[in-house]
Amino acid sequence: MFKPEFYFTLTISPKSSGHMMLLLLAIVGLTSYYVYKLIKPPPPIPLPENVTKKSPRIKLSDGRHIAYKELGFPKDEAKNKIIVIHGYANSKDVDLYTTQEMIDEFKIYFLFFDRAGYGESDPNPSRTLKTDTYDIEELADKLQLGPRFHVLGMSLGAYPVYGCLKYIPHRLSGASLAVPLINFWWRRIPQNLLNAAIKKLPFEFQMTLRVAHYCPWLLYWWMTQKWFPSNRDPKKTLTERDIELSETYSKQSYKDAVLRQGEYVSSQRDIIAGYGNWEFDPTELSNPFSDTNKGSVHIWCALDDKQILRDVLVYICDKLPWIKFHEVPHAGHWIIHEKKHFEAIIKAACTE
(Lines give C-alpha, C1' and ligand atoms only; values in the text may rest on other atoms or scores of the structure.)
Protein backbone atom coordinates (compact mmCIF):
# COMPACT_ATOMS: atom_id res chain seq x y z
CA MET A 1 0.00 0.00 0.00
CA PHE A 2 1.27 3.41 -0.87
CA LYS A 3 2.30 5.53 2.14
CA PRO A 4 2.59 9.21 1.50
CA GLU A 5 5.74 10.83 2.81
CA PHE A 6 5.70 14.32 4.23
CA TYR A 7 8.76 16.48 4.48
CA PHE A 8 8.97 19.65 6.57
CA THR A 9 11.60 22.23 5.95
CA LEU A 10 12.33 24.85 8.58
CA THR A 11 13.43 27.98 6.94
CA ILE A 12 14.84 30.79 9.04
CA SER A 13 14.74 34.06 7.32
CA PRO A 14 17.69 36.40 7.56
CA LYS A 15 15.44 38.72 9.56
CA SER A 16 14.64 36.03 12.19
CA SER A 17 18.32 35.04 12.39
CA GLY A 18 19.21 38.63 13.12
CA HIS A 19 16.61 38.80 15.91
CA MET A 20 18.01 35.65 17.56
CA MET A 21 21.54 37.04 17.40
CA LEU A 22 20.40 40.28 18.98
CA LEU A 23 18.63 38.35 21.73
CA LEU A 24 21.73 36.26 22.39
CA LEU A 25 23.91 39.36 22.52
CA ALA A 26 21.47 41.01 24.91
CA ILE A 27 21.54 38.00 27.25
CA VAL A 28 25.34 37.86 27.19
CA GLY A 29 25.56 41.60 27.71
CA LEU A 30 23.16 41.64 30.65
CA THR A 31 24.89 38.66 32.25
CA SER A 32 28.29 40.31 31.81
CA TYR A 33 27.00 43.54 33.30
CA TYR A 34 25.53 41.68 36.27
CA VAL A 35 28.81 39.84 36.91
CA TYR A 36 30.76 43.09 36.50
CA LYS A 37 28.55 44.82 39.08
CA LEU A 38 29.07 41.92 41.49
CA ILE A 39 32.88 41.91 41.34
CA LYS A 40 33.54 45.63 40.89
CA PRO A 41 34.45 47.23 44.23
CA PRO A 42 32.60 50.42 45.15
CA PRO A 43 34.48 53.73 45.02
CA PRO A 44 35.93 54.99 48.30
CA ILE A 45 33.61 56.92 50.56
CA PRO A 46 34.80 60.56 50.47
CA LEU A 47 36.30 62.00 53.62
CA PRO A 48 34.68 65.15 55.03
CA GLU A 49 36.22 68.46 54.01
CA ASN A 50 37.15 69.28 57.62
CA VAL A 51 39.06 66.02 58.14
CA THR A 52 42.28 67.89 58.99
CA LYS A 53 40.62 69.40 62.06
CA LYS A 54 40.73 65.99 63.76
CA SER A 55 44.22 64.88 62.72
CA PRO A 56 47.07 66.57 60.87
CA ARG A 57 47.83 65.25 57.40
CA ILE A 58 50.80 65.61 55.04
CA LYS A 59 50.57 65.62 51.26
CA LEU A 60 52.63 63.01 49.40
CA SER A 61 54.29 63.57 46.04
CA ASP A 62 51.48 61.71 44.23
CA GLY A 63 48.83 64.01 45.73
CA ARG A 64 47.52 61.63 48.40
CA HIS A 65 47.33 62.65 52.05
CA ILE A 66 48.53 60.65 55.05
CA ALA A 67 47.07 61.29 58.51
CA TYR A 68 49.43 60.98 61.47
CA LYS A 69 49.77 61.42 65.23
CA GLU A 70 52.92 62.34 67.17
CA LEU A 71 53.67 61.39 70.76
CA GLY A 72 56.56 61.67 73.19
CA PHE A 73 59.79 63.64 73.10
CA PRO A 74 60.16 66.46 70.56
CA LYS A 75 61.73 64.83 67.50
CA ASP A 76 64.68 67.23 67.54
CA GLU A 77 65.57 66.09 71.06
CA ALA A 78 64.59 62.42 70.89
CA LYS A 79 67.22 59.71 71.08
CA ASN A 80 64.87 57.08 69.58
CA LYS A 81 62.42 57.81 66.77
CA ILE A 82 59.93 55.00 66.30
CA ILE A 83 57.37 54.81 63.49
CA VAL A 84 54.52 52.51 64.54
CA ILE A 85 52.75 50.62 61.72
CA HIS A 86 49.30 49.45 62.73
CA GLY A 87 47.83 46.08 61.81
CA TYR A 88 44.79 44.84 59.90
CA ALA A 89 41.58 46.91 60.31
CA ASN A 90 43.28 49.31 62.72
CA SER A 91 44.61 52.85 62.65
CA LYS A 92 46.98 55.42 64.09
CA ASP A 93 44.78 55.40 67.19
CA VAL A 94 45.91 51.88 68.07
CA ASP A 95 45.89 51.54 71.86
CA LEU A 96 49.41 50.80 73.13
CA TYR A 97 50.97 51.28 76.56
CA THR A 98 53.10 54.29 75.67
CA THR A 99 53.65 55.52 79.22
CA GLN A 100 55.36 58.78 80.06
CA GLU A 101 57.87 56.83 82.14
CA MET A 102 58.86 54.80 79.08
CA ILE A 103 59.08 57.90 76.91
CA ASP A 104 61.30 59.72 79.41
CA GLU A 105 63.57 56.74 80.09
CA PHE A 106 64.43 56.13 76.44
CA LYS A 107 63.74 59.65 75.09
CA ILE A 108 61.31 58.32 72.49
CA TYR A 109 59.45 60.15 69.76
CA PHE A 110 56.56 58.01 68.46
CA LEU A 111 54.96 58.55 65.07
CA PHE A 112 51.65 56.82 64.35
CA PHE A 113 49.90 57.07 60.98
CA ASP A 114 46.92 55.71 59.08
CA ARG A 115 48.07 53.46 56.28
CA ALA A 116 46.58 54.08 52.82
CA GLY A 117 42.78 53.85 52.84
CA TYR A 118 42.50 53.52 56.61
CA GLY A 119 41.06 56.18 58.89
CA GLU A 120 41.84 59.62 57.49
CA SER A 121 44.54 58.68 54.95
CA ASP A 122 43.65 58.73 51.27
CA PRO A 123 43.42 55.33 49.55
CA ASN A 124 46.00 54.18 47.02
CA PRO A 125 44.40 52.32 44.07
CA SER A 126 47.83 50.91 43.16
CA ARG A 127 48.77 49.89 46.68
CA THR A 128 51.55 47.32 47.08
CA LEU A 129 54.18 46.39 49.63
CA LYS A 130 56.58 48.74 47.85
CA THR A 131 54.21 51.73 47.80
CA ASP A 132 53.49 51.29 51.51
CA THR A 133 57.23 51.30 52.14
CA TYR A 134 57.83 54.54 50.26
CA ASP A 135 54.83 56.14 51.97
CA ILE A 136 56.71 55.62 55.24
CA GLU A 137 59.91 57.12 53.90
CA GLU A 138 58.13 60.15 52.46
CA LEU A 139 56.14 60.67 55.66
CA ALA A 140 59.39 60.65 57.65
CA ASP A 141 60.97 63.16 55.28
CA LYS A 142 57.95 65.50 55.25
CA LEU A 143 58.01 65.55 59.06
CA GLN A 144 61.80 65.99 59.11
CA LEU A 145 62.58 62.97 61.26
CA GLY A 146 66.16 62.92 60.07
CA PRO A 147 68.17 60.34 58.15
CA ARG A 148 67.32 57.28 60.28
CA PHE A 149 64.37 55.91 62.24
CA HIS A 150 63.09 52.66 63.76
CA VAL A 151 60.03 50.92 62.29
CA LEU A 152 57.72 48.79 64.42
CA GLY A 153 55.06 46.71 62.66
CA MET A 154 52.48 44.36 64.13
CA SER A 155 50.68 41.40 62.56
CA LEU A 156 49.66 42.23 58.95
CA GLY A 157 51.20 45.65 59.49
CA ALA A 158 54.62 43.97 59.61
CA TYR A 159 54.84 43.53 55.84
CA PRO A 160 55.88 47.20 55.34
CA VAL A 161 58.71 46.52 57.81
CA TYR A 162 59.99 43.80 55.50
CA GLY A 163 59.61 46.37 52.72
CA CYS A 164 61.73 48.89 54.63
CA LEU A 165 64.45 46.28 55.18
CA LYS A 166 64.45 45.57 51.43
CA TYR A 167 63.92 48.94 49.77
CA ILE A 168 65.15 51.59 52.26
CA PRO A 169 67.58 49.80 54.63
CA HIS A 170 69.83 52.88 54.68
CA ARG A 171 67.07 54.83 56.44
CA LEU A 172 66.71 52.44 59.35
CA SER A 173 68.15 52.64 62.84
CA GLY A 174 66.29 49.43 63.67
CA ALA A 175 63.21 47.33 62.98
CA SER A 176 60.80 45.30 65.08
CA LEU A 177 58.23 42.80 63.81
CA ALA A 178 55.64 41.67 66.37
CA VAL A 179 53.86 38.42 65.40
CA PRO A 180 54.51 39.24 61.72
CA LEU A 181 52.35 37.85 58.95
CA ILE A 182 53.44 34.80 56.97
CA ASN A 183 52.95 35.04 53.22
CA PHE A 184 52.18 31.46 52.22
CA TRP A 185 53.66 32.01 48.76
CA TRP A 186 57.16 33.04 49.72
CA ARG A 187 59.48 31.32 47.26
CA ARG A 188 62.41 30.29 49.45
CA ILE A 189 60.59 28.97 52.51
CA PRO A 190 60.17 25.15 52.43
CA GLN A 191 56.73 24.27 51.09
CA ASN A 192 56.00 21.85 53.93
CA LEU A 193 56.39 24.71 56.42
CA LEU A 194 54.13 27.01 54.43
CA ASN A 195 51.52 24.27 54.07
CA ALA A 196 51.56 23.69 57.81
CA ALA A 197 51.32 27.44 58.40
CA ILE A 198 48.22 27.98 56.29
CA LYS A 199 46.53 24.88 57.72
CA LYS A 200 46.83 26.52 61.14
CA LEU A 201 44.05 28.88 60.01
CA PRO A 202 40.33 28.04 59.76
CA PHE A 203 39.18 26.94 56.29
CA GLU A 204 37.35 30.18 55.46
CA PHE A 205 40.46 32.19 56.34
CA GLN A 206 42.53 29.98 54.05
CA MET A 207 40.09 30.48 51.17
CA THR A 208 40.05 34.25 51.61
CA LEU A 209 43.84 34.42 51.43
CA ARG A 210 43.93 32.14 48.39
CA VAL A 211 41.41 34.35 46.58
CA ALA A 212 43.47 37.45 47.52
CA HIS A 213 46.62 35.84 46.15
CA TYR A 214 45.40 34.14 42.99
CA CYS A 215 42.40 36.32 42.04
CA PRO A 216 42.72 39.68 43.81
CA TRP A 217 40.15 41.19 41.44
CA LEU A 218 37.59 38.77 42.96
CA LEU A 219 38.28 39.58 46.60
CA TYR A 220 35.53 42.19 46.99
CA TRP A 221 32.97 39.74 45.59
CA TRP A 222 34.32 36.94 47.78
CA MET A 223 34.02 39.03 50.93
CA THR A 224 30.44 40.08 50.14
CA GLN A 225 28.92 36.95 48.53
CA LYS A 226 26.70 34.55 50.49
CA TRP A 227 27.13 31.32 48.50
CA PHE A 228 30.39 30.04 49.95
CA PRO A 229 31.85 30.24 53.47
CA SER A 230 33.87 33.45 53.70
CA ASN A 231 32.96 34.67 57.17
CA ARG A 232 36.27 35.42 58.84
CA ASP A 233 35.27 35.43 62.50
CA PRO A 234 38.39 36.75 64.25
CA LYS A 235 37.52 34.93 67.47
CA LYS A 236 38.40 31.66 65.75
CA THR A 237 42.04 32.74 65.65
CA LEU A 238 42.30 34.42 69.05
CA THR A 239 43.00 33.12 72.54
CA GLU A 240 40.71 34.08 75.40
CA ARG A 241 43.21 36.73 76.47
CA ASP A 242 43.39 38.05 72.90
CA ILE A 243 39.62 38.48 72.89
CA GLU A 244 39.79 40.45 76.13
CA LEU A 245 42.49 42.72 74.71
CA SER A 246 40.58 43.23 71.46
CA GLU A 247 37.41 44.54 73.10
CA THR A 248 38.35 48.15 72.38
CA TYR A 249 38.69 47.40 68.68
CA SER A 250 35.47 45.40 68.46
CA LYS A 251 33.38 48.46 69.28
CA GLN A 252 31.37 49.55 66.26
CA SER A 253 32.32 53.20 66.66
CA TYR A 254 36.02 52.32 66.37
CA LYS A 255 35.45 50.07 63.35
CA ASP A 256 33.42 52.79 61.65
CA ALA A 257 36.23 55.31 62.10
CA VAL A 258 38.93 52.91 60.88
CA LEU A 259 36.97 51.70 57.83
CA ARG A 260 35.15 54.95 57.12
CA GLN A 261 36.27 55.00 53.46
CA GLY A 262 35.06 51.46 52.82
CA GLU A 263 36.46 48.01 53.51
CA TYR A 264 37.80 47.46 50.00
CA VAL A 265 40.19 50.44 49.95
CA SER A 266 41.38 49.72 53.49
CA SER A 267 41.33 46.20 54.92
CA GLN A 268 40.79 44.28 51.66
CA ARG A 269 43.56 46.13 49.82
CA ASP A 270 45.71 45.40 52.89
CA ILE A 271 45.16 41.65 52.44
CA ILE A 272 45.96 41.87 48.72
CA ALA A 273 49.22 43.74 49.36
CA GLY A 274 50.33 41.46 52.19
CA TYR A 275 49.51 38.14 50.52
CA GLY A 276 50.22 38.99 46.90
CA ASN A 277 53.40 38.18 44.99
CA TRP A 278 56.39 39.85 46.60
CA GLU A 279 59.47 40.85 44.65
CA PHE A 280 61.66 39.23 47.29
CA ASP A 281 61.67 36.62 50.02
CA PRO A 282 62.52 37.50 53.66
CA THR A 283 65.44 35.07 53.61
CA GLU A 284 67.01 37.14 50.79
CA LEU A 285 67.33 40.26 52.96
CA SER A 286 70.76 41.64 53.80
CA ASN A 287 71.84 42.92 57.19
CA PRO A 288 71.49 46.71 57.01
CA PHE A 289 73.72 47.22 60.05
CA SER A 290 77.41 46.91 60.81
CA ASP A 291 79.98 47.88 63.43
CA THR A 292 80.00 51.42 62.04
CA ASN A 293 76.26 51.56 61.38
CA LYS A 294 74.62 50.45 64.62
CA GLY A 295 71.14 48.99 64.70
CA SER A 296 69.17 45.82 65.28
CA VAL A 297 66.22 43.84 63.93
CA HIS A 298 63.83 41.91 66.16
CA ILE A 299 61.11 39.34 65.54
CA TRP A 300 58.67 38.64 68.36
CA CYS A 301 56.85 35.29 68.40
CA ALA A 302 53.94 34.54 70.76
CA LEU A 303 53.95 30.83 71.54
CA ASP A 304 50.16 30.61 71.97
CA ASP A 305 49.49 32.49 68.72
CA LYS A 306 46.70 30.79 66.77
CA GLN A 307 47.57 32.58 63.50
CA ILE A 308 51.34 32.49 63.09
CA LEU A 309 53.35 29.27 62.90
CA ARG A 310 56.49 29.56 65.00
CA ASP A 311 58.49 27.20 62.76
CA VAL A 312 58.36 29.60 59.81
CA LEU A 313 59.69 32.50 61.88
CA VAL A 314 62.42 30.24 63.29
CA TYR A 315 63.42 29.24 59.75
CA ILE A 316 63.72 32.90 58.68
CA CYS A 317 65.85 33.76 61.71
CA ASP A 318 68.08 30.71 61.16
CA LYS A 319 68.74 31.95 57.62
CA LEU A 320 69.26 35.51 58.87
CA PRO A 321 71.17 35.13 62.15
CA TRP A 322 71.48 38.91 62.48
CA ILE A 323 67.76 39.02 63.39
CA LYS A 324 67.16 38.67 67.12
CA PHE A 325 64.39 36.16 67.78
CA HIS A 326 62.22 36.56 70.88
CA GLU A 327 59.84 33.84 72.06
CA VAL A 328 57.10 34.88 74.46
CA PRO A 329 55.37 32.03 76.34
CA HIS A 330 51.72 32.19 77.38
CA ALA A 331 50.99 34.99 74.88
CA GLY A 332 48.71 35.16 71.86
CA HIS A 333 48.45 37.21 68.69
CA TRP A 334 47.62 40.42 70.57
CA ILE A 335 50.92 40.33 72.42
CA ILE A 336 51.75 43.96 71.63
CA HIS A 337 48.68 45.14 73.54
CA GLU A 338 49.91 43.59 76.78
CA LYS A 339 51.71 46.22 78.87
CA LYS A 340 54.67 44.05 79.92
CA HIS A 341 55.22 42.68 76.40
CA PHE A 342 54.97 46.09 74.74
CA GLU A 343 57.48 47.46 77.22
CA ALA A 344 59.85 44.57 76.42
CA ILE A 345 59.51 45.25 72.67
CA ILE A 346 60.26 48.95 73.11
CA LYS A 347 63.16 48.32 75.50
CA ALA A 348 64.79 45.92 73.02
CA ALA A 349 64.29 48.42 70.19
CA CYS A 350 65.94 51.20 72.18
CA THR A 351 68.81 49.35 73.86
CA GLU A 352 69.88 46.29 71.86
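The paragraphs below set out a description of the structure included in this document. (Residues numbered from 1 in each chain as written. Predicted model: local features only at pLDDT ≥ 70, side-chain atom pairs only at ≥ 80, totals over all residues. Heavy atoms only, no water.)

### Focus: empty space enclosed by the protein
Inference 1: All chains considered together, the criterion is met by 1 cavity of 30 Å³ or more.
Inference 2: The volume enclosed by the largest cavity comes to roughly 40 Å³.
Inference 3: The residue inventory of the lining of the largest cavity, partitioned by class, reads 5 nonpolar, no polar and 3 charged. (1 Å grid on protein atoms, 1.4 Å probe; cavity = no way out; pocket = protein on both sides within 12 Å on 5 of 7 lines; lining within 4 Å. Points joined across faces, edges and corners; volume = space filled by probe spheres on them. Nonpolar A, V, L, I, M, F, W, Y, C, P; charged D, E, K, R; others polar.)

### Notes on unusual backbone geometry
Where the residue is not glycine, phi is negative for most of them; where a peptide bond is considered, it is trans in most cases.
Inference 1: Although it is not a glycine, Gln-144 sits at a positive phi angle of roughly 55°.
Inference 2: With respect to the helices and strands, Gln-144 occurs in the loop between helix 3 (129-142) and strand 5 (149-154).
Inference 3: Here the phi dihedral of His-330 falls at roughly 55°; this positive angle occurs in a residue that is not glycine. (Helix = DSSP H or I, 4+ residues; strand = E, 2+ residues; numbered from the N terminus.)

### Comments concerning the packing of helix 3 against helix 4 (residues 159-167)
How two helices pack is summed up by the angle between their axes together with the distance between the axes.
Inference 1: Where helix 3 meets helix 4, the closest approach of the two axes is 8 Å, and the angle between their N-to-C directions is 75°. Here helix 3 lies roughly perpendicular to helix 4, going by the angle between them. Residues Leu-129, Lys-130, Asp-132, Thr-133, Tyr-134 and Ile-136 of helix 3 lie in contact with helix 4, whose contacting residues are Tyr-159, Pro-160, Gly-163, Cys-164 and Tyr-167. (Axes fitted to C-alpha atoms, helices over the stretch in contact; angles between N-to-C directions. Parallel < 35°, antiparallel > 145°, perpendicular 65-115°, else oblique. Contact = heavy atoms within 4.5 Å.)

### As for the side chain of His-86
Inference 1: Note that His-86 resides in the loop between strand 3 (80-85) and helix 2 (100-106).
Inference 2: A relative accessible area of 1% means that His-86 is categorised as buried.
Inference 3: In this structure the side chain of His-86 is engaged in a polar contact, spanning 3.3 Å, whose partner is the backbone oxygen of Asn-90.
Inference 4: Polar contacts involving the side chain of His-86 include one to the main-chain amide nitrogen of Arg-115, which spans 3.1 Å.
Inference 5: Excluding residues that lie within four positions of it along the chain, His-86 makes contacts with Ser-91, Lys-92, Phe-113, Asp-114, Arg-115, Tyr-118, Met-154 and Gly-157. (Buried < 20%, exposed > 50% of the residue type's maximum accessible area, 1.4 Å probe, protein only. Polar contact = N/O pair within 3.5 Å; in protein donor to acceptor, adjacent residues only side chain to side chain.)

### Concerning the pairing of strand 3
Taken residue by residue, a regular strand's side chains alternate between the two faces of the sheet.
Inference 1: With 6 of 6 residues buried, strand 3 is to be regarded as a mostly interior element.
Inference 2: The alternating pattern of strand 3 places Asn-80, Ile-82 and Val-84 on one face and Lys-81, Ile-83 and Ile-85 on the opposite face, and all of these are buried.
Inference 3: Pairing analysis gives 5 bridges linking strand 3 to strand 4 (residues 108-113), with the strands arranged parallel. Paired with Ile-83 across the two strands is Leu-111, which belongs to strand 4.
Inference 4: Examined bridge by bridge, strand 3 and strand 5 share 4 bridges and lie parallel to one another. Within the sheet, the bridge partner assigned to Val-84 lies in strand 5 and is Leu-152. (Pairing = 2+ DSSP bridges.)

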